Amino acid sequence: MLAAIVAGADAIYAGLDGFNARVSAHGFTDDEFARGCAVAHAHGVRVYVTLNVFVFDDELDDAVALGARALSLGADALIVADAGLSRSLCEALPDVEIHLSTQAGVHSESAVRLAADQLGVERVTTARELTVEEIAALCATGVPIEVFCHGAICIGYSGACEFSALRRERSAMRGDCTQPCRLAYDLVDGAGESVVTVEGDHLLCPHDYLGIAHLPKLIDAGVASLKIEGRMKNPDYVFNVVRVWRRALDMLRDGTWSDDTVLVLERELGRSFNRGFTDAYLRGRSGAELMSFERAINQGVRVGGLVAVGHEEVTVELDAAVSAGDTFEIRFYPGTDARPDVPKRWPQVPCPVDAEAGERVVVHCKRKVDVGCEVYLIRSAGVLGQTASVLERMRVEADAVILAEHAVEALPFEGVSFVDDVVLEEPIAPAGMVFAWQLMDQDPRGVRDLSGVAVVLDEVCRAGDVERTRSVMRRAGRVVCRNLGQVAIARELGVAFDVAAPVFCANRATLAWLRALGAGRVYLSAELVANDAERIGGLIALPGVLGPVDAERPELMVCEHCLLTAEGVCATDATGQVHCHDCPRRRQARYLVERDGTRLPVAIDACGRTRIFLS
């Protein structure tokens, strides 16, 4: 927190002792948090508390109480993902400022408007997958929009991933993700033969998000806030990344921004932990360039190459300045004529001296490497030293803060009062159920009569999906909405609709809200039924509440990235355009194979989105 304040952040997100999306993080004590808020406010910095997980009925009172306590200690706003919790907070704390988490799955203008109108949120954090143009359209709604600009990203759509919950019984929706996207996998065909051609086996691991080259466009788009992913990172990461982004914004304000500036800033950002960088989503791309197939750990930033190799020492010619105490990584790859069992070697060695770009330095290295190997800086002594210096000063300031008593007054409510469950006549079920993503292949022209079926809509509803979604809704006997944007469209068109995860319902307050919107049936998520049956027993016993809509084949993850790009580059037409709907690879069986041999079926839809299913 202190590192972010001194580096120039305008606001800080923090978790207290529960109900946040980093269950393994050490939360603040009340005294620490109150002191932190006092220091932040003295520097003009706001503090937001994360309550961004989904809560059960037996937790709702405690979650509301925690939000009230956070505000009494100095928090300025709360970030929330659960609709029932949001409404309960607004009821109990009338002046509370609530921001909607990216976990709520907002991808479209209609979803933004619904969240503002029906949940009372004052800011919406959008999905990381959106392009600059999509972000601009969301900003045009007039609702303040927050977008991610830097840091680690999940390959699956936030709020729509049950991979960790269904394979490891630890829920990302509850802040306890086991990060399956950072593990090694194989991709095989129906015969079990590997089809991977890329170097590396981290087939679900994306590079880190880096939007700094798009900063002028994001500002022009009208974003209210740029969000840096920094929780669970060290203070030196927070200090370095925040100060670079602060400098970038100040340069734009002062008129000193240029294209050359971007390269300098990107190099400075690379001195902190990163898995390599990508701006693919902002450009509307989601293929192999998005991915860090080879490594899921820190990749640093290139600072030179080897020009000579001697006995237990190497000579590095620098293309960037370095400092004594920096840690280098020398990336040695065996040649094409090497035996298959010859390993790659990436020794890490200390830099002995300060040096500038263009200079040569001799570095001690005992392991075998060759001339031509690239050298990366993976730990910056300068950043560590500067961070230590400023934190020492900030801690003195924090220790000097004299706090008034922060007694939490009795909350102005006695528990959460649920809206009486609306008893509906059970809607007449259409003859069957089909999934909209499959209809793109089965009914490519969108003319099939769907009046006798219920169509389960996609988990994602971005600008490019809206017209197809409207067409399906007009023809279907009934639809199952899986996104807040689809709920808004269904209400606008006056069609009968149910809801299913990722419109996530884990408590009766959310259920009452969904029914008040007009939802008929509410399908609970597969992970709730599999792992939390006792806690949702009272919920699933209510009229119109059912088990998973995908019970026959539970979905682990949906992502914008096409997993088939691990097989090689996509085919293009004469103009260089990729047409996913014509891709022959999509017609063939594919399985993602875990290290224990478990095969997970994979499907790629006509939009190029990947869905991974439980075995």
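These figures come from a predicted structure and were not determined experimentally.

*Asks:* I'm lost on the nonpolar core in this one. Help?
*Replies:* Soluble, globular proteins show a tendency: their nonpolar side chains are buried together. Ranked by internal contacts, the top residues of the largest apolar core, which has 155 residues, are I212, V455 and L592. Ranked by size, the runner-up nonpolar core spans 21 residues in total, among them V314, A355, C365 and V375.

*Asks:* Help me understand the sheet that holds strand 21 (residues 522-523) in this model?
*Replies:* Two modes of strand pairing occur in sheets, parallel and antiparallel, and in both the strands are linked by backbone hydrogen bonds. The strand order across the open sheet formed by 6 strands is 17-18-19-20-21-22, and the pairing between neighbours is parallel. Strands with a single pairing partner mark the edges of an open sheet, and in this sheet they are strand 17 (432-435) and strand 22 (545-546). Sheet topology places strand 17 next to strand 18 (residues 450-456); 4 bridges connect them, and they run parallel. Note on strand 18: the bridge partner recorded for M433 is A454. Across the face of the sheet, helix 13 (residues 466-475) comes into contact with strand 18 and strand 19 (476-481) while running at roughly 130° to strand 19. Along the sheet face, helix 14 (residues 484-493) touches strand 19 and strand 20 (497-500) and points at about 175° away from the line of strand 20.

*Asks:* Honestly, helix 14 in this entry has me stumped. Any pointers?
*Replies:* Three- or four-residue spacings in an α-helix give side chains the same orientation, since the helix completes a turn every 3.6 residues. Here helix 14 lies mainly inside the structure; 7 of its 10 residues are buried. The set of residues buried in helix 14 consists of L484, G485, Q486, V487, A488, I489 and A490. Residues of helix 14 that are buried sit in contact with helix 5 (109-119), helix 13, strand 19, strand 20 and helix 15 (508-517). The N-capping residue of helix 14, defined by a side-chain oxygen 2.7 Å from the backbone nitrogen of G485, is N483.

*Asks:* Whenever I open this one, the packing of helix 9 (residues 235-254) against helix 11 (residues 381-399) confuses me. Can you help?
*Replies:* Packed helix pairs are characterised by how far apart their axes lie and by the angle those axes make with each other. Remark: helix 9 packs on helix 11, axes separated minimally by 9 Å, with the N-to-C direction vectors making an angle of 95°. Between helix 9 and helix 11, the interaxial angle falls into the category roughly perpendicular. Facing helix 9, whose interface residues are P235, D236, F239, N240 and R243, helix 11 presents V383, L384, Q386, T387, V390 and L391. Here the residues of the contact of helix 9 with helix 11 sort into 6 nonpolar, 3 polar and 2 charged.

*Asks:* Honestly, the pattern of salt bridges in this entry has me stumped. Any pointers?
*Replies:* Opposite charge on two side chains permits them to pair, given that their charged atoms come into close proximity. Considering all chains together, one arrives at 48 salt bridges under this definition. Across the salt bridge formed by R46 and E97, the nearest N and O atoms sit 3.0 Å from each other. Of this pair, R46 sits in strand 2 (residues 46-51) while E97 sits in the loop between helix 4 (83-92) and strand 4 (98-100); the two residues are 51 residues apart in sequence, bridging distant segments of the chain. Taking the relative accessible area as the measure of exposure, E97 reaches 16% and is therefore buried. Of the charged contacts, one joins E146 and K227 as a salt bridge, the two residues approaching to 3.6 Å between their closest N and O atoms. Placement of E146 in strand 6 (residues 145-151) and of K227 in strand 9 (residues 225-228) is noted, with a sequence separation of 81 residues between them. In this structure, E146 and K227 share a single accessibility class: buried. Via salt bridges that share partners, E134, D458, E459, R462, D465, R468, R482, E555, E560, D605, R609 and R611 belong to a single interconnected network.

*Asks:* Sorry, what's going on with the environment of Q588 here?
*Replies:* The topology assignment puts Q588 in the loop between strand 23 (555-559) and strand 24 (590-593). Judged by its relative accessible area of 41%, Q588 is partly exposed. Only 2.8 Å separates the side chain of Q588 from the side chain of R590, close enough to count as a polar contact.

*Asks:* Help me understand the environment of N240, please; the structure alone is not making it clear to me.
*Replies:* Tracing the sequence through the fold places N240 in helix 9. Residues N240 and A7, spaced 233 residues apart in sequence, show a C-alpha to C-alpha distance of 7.4 Å. Discounting chain neighbours no more than four positions away, the residues touching N240 are E268, L269, R271, S272 and V383.

*Asks:* Would you take a moment to explain the packing of helix 2 (residues 30-42) against helix 11 for this structure?
*Replies:* Two elements in contact, helix 2 and helix 11, have axes separated by 9 Å at closest approach and are oriented at 110°. Considering the angle they form, helix 2 stands roughly perpendicular to helix 11. Listed contacts from helix 11 to R35, V39 and A42 of helix 2 are M394, E397, A398 and D399. The residue inventory of the contact of helix 2 with helix 11, partitioned by class, reads 4 nonpolar, no polar and 3 charged.

*Asks:* For this particular structure, what's the right way to read the sheet that holds strand 23?
*Replies:* Reading across the sheet, the 5 strands line up as 7-24-25-26-23 and stay open at both edges, with antiparallel pairing between neighbours. Among the strands making up the open sheet, the edge pair consists of strand 7 (186-188) and strand 23. For this sheet the average axis-to-axis angle between neighbouring strands, irrespective of direction, equals 25°. Bridging between strand 25 (residues 599-604) and strand 26 (residues 610-613) involves 3 bridges; their strand directions are antiparallel.

*Asks:* What am I meant to see in the packing of aromatic side chains here?
*Replies:* Each aromatic ring pair is described using two quantities: the centre-to-centre distance and the angle formed by the ring planes. Evaluation of the coordinates by the stated rule reveals 6 aromatic pairs. When the ring of F163 is compared with that of Y185, the centres are 6.4 Å apart and the planes differ by 50°; the resulting orientation is tilted. With F163 in helix 7 (residues 163-168) and Y185 in the loop between helix 7 and strand 7, this residue pair connects regions lying 22 residues apart in the sequence. Just above the ring of W346 sits the side chain of R331; from NZ or CZ to the centre is 4.9 Å. Between R331 and the ring centre of Y376, over which it is positioned, the NZ or CZ distance is 3.6 Å.

*Asks:* How do you make sense of the environment of E266 when you look at a structure like this?
*Replies:* As for its position among the elements, E266 is in helix 10 (residues 259-269). By relative accessible area, which is 26% here, E266 ends up partly exposed. Considering only alpha carbons, one finds E266 and V472, 206 residues apart in sequence, at a separation of 44 Å. Sequence-distant contacts of E266, that is, excluding residues within four places in its chain, are made with L210, I212, A213 and F277.

*Asks:* Would you take a moment to explain the confidence of the model for the chain for this structure?
*Replies:* Note: predicted coordinates in regions of low pLDDT should not be interpreted at a detailed level. Looking at the chain as a whole, the pLDDT averages 91, with 93% of positions reaching at least 70. Of the regions scoring below 50 in pLDDT, residues 406-413 engages in 11 contacts with residues more than four places distant in sequence or in other chains. For residues 418-426, every residue scores under 50 in pLDDT, and the model assigns this stretch 14 contacts once sequence neighbours within four places are set aside.

Rules used in this analysis
- All residue numbers refer to positions counted from 1 along the written sequence of the respective chain.
- Only residues with pLDDT of 70 or above have their local features reported here, since the model is predicted, and side-chain atom pairs are shown and tallied only from 80 upward, although totals for entire chains, interfaces and linings are computed over all residues.
- Derived side-chain values reflect all non-hydrogen atoms in the structure, with water molecules and hydrogen atoms excluded from consideration.
- Residues belong to a common nonpolar core when they are buried Ala, Val, Leu, Ile, Met, Phe, Trp, Tyr or Cys residues joined through side-chain atoms within 4.5 Å.
- The rule is simple: take the accessible area with a 1.4 Å probe, protein chains only, and divide by the maximum for that residue type; under 20% is buried, over 50% is exposed, in between is partly exposed.
- Any two strands are treated as partners once DSSP identifies two or more bridges connecting them.
- Only runs of H or I of at least four residues qualify as helices and only runs of E of at least two qualify as strands under DSSP, and these elements are numbered from the N terminus.
- Whether two residues touch is decided by their heavy atoms; if any such pair falls within 4.5 Å, the residues are in contact.
- Angles shown run from 0 to 180 degrees and are taken between the N-to-C directions of axes, each axis being a line fitted to C-alpha atoms and, for helices, limited to the stretch in contact.
- Polar contacts here mean pairs of N or O atoms no more than 3.5 Å apart (in protein, one a potential hydrogen donor and the other a potential acceptor; neighbouring residues in sequence count only if both atoms are side-chain atoms).
- What sets the label is the angle itself: under 35 degrees gives roughly parallel, over 145 gives roughly antiparallel, 65 to 115 gives roughly perpendicular, and the rest give oblique.
- Residues are grouped as follows: Ala, Val, Leu, Ile, Met, Phe, Trp, Tyr, Cys and Pro are nonpolar; Asp, Glu, Lys and Arg are charged; all remaining types, including Gly, are polar.
- Only one rule defines a salt bridge in this text: a Lys or Arg side-chain nitrogen within 4 Å of an Asp or Glu carboxyl oxygen.
- Only Phe, Tyr and Trp rings take part, Trp by its six-membered ring, and two of them pair if their centres are within 6.5 Å. Stacked means planes under 30 degrees apart, edge-to-face means over 60, and tilted covers everything else.
- Two thresholds decide whether a charge sits over a ring: the Lys NZ or Arg CZ must be within 6 Å of the ring centre and within 35 degrees of the ring normal.
- pLDDT expresses, on a scale from 0 to 100, how confident the predictor is about each individual residue.

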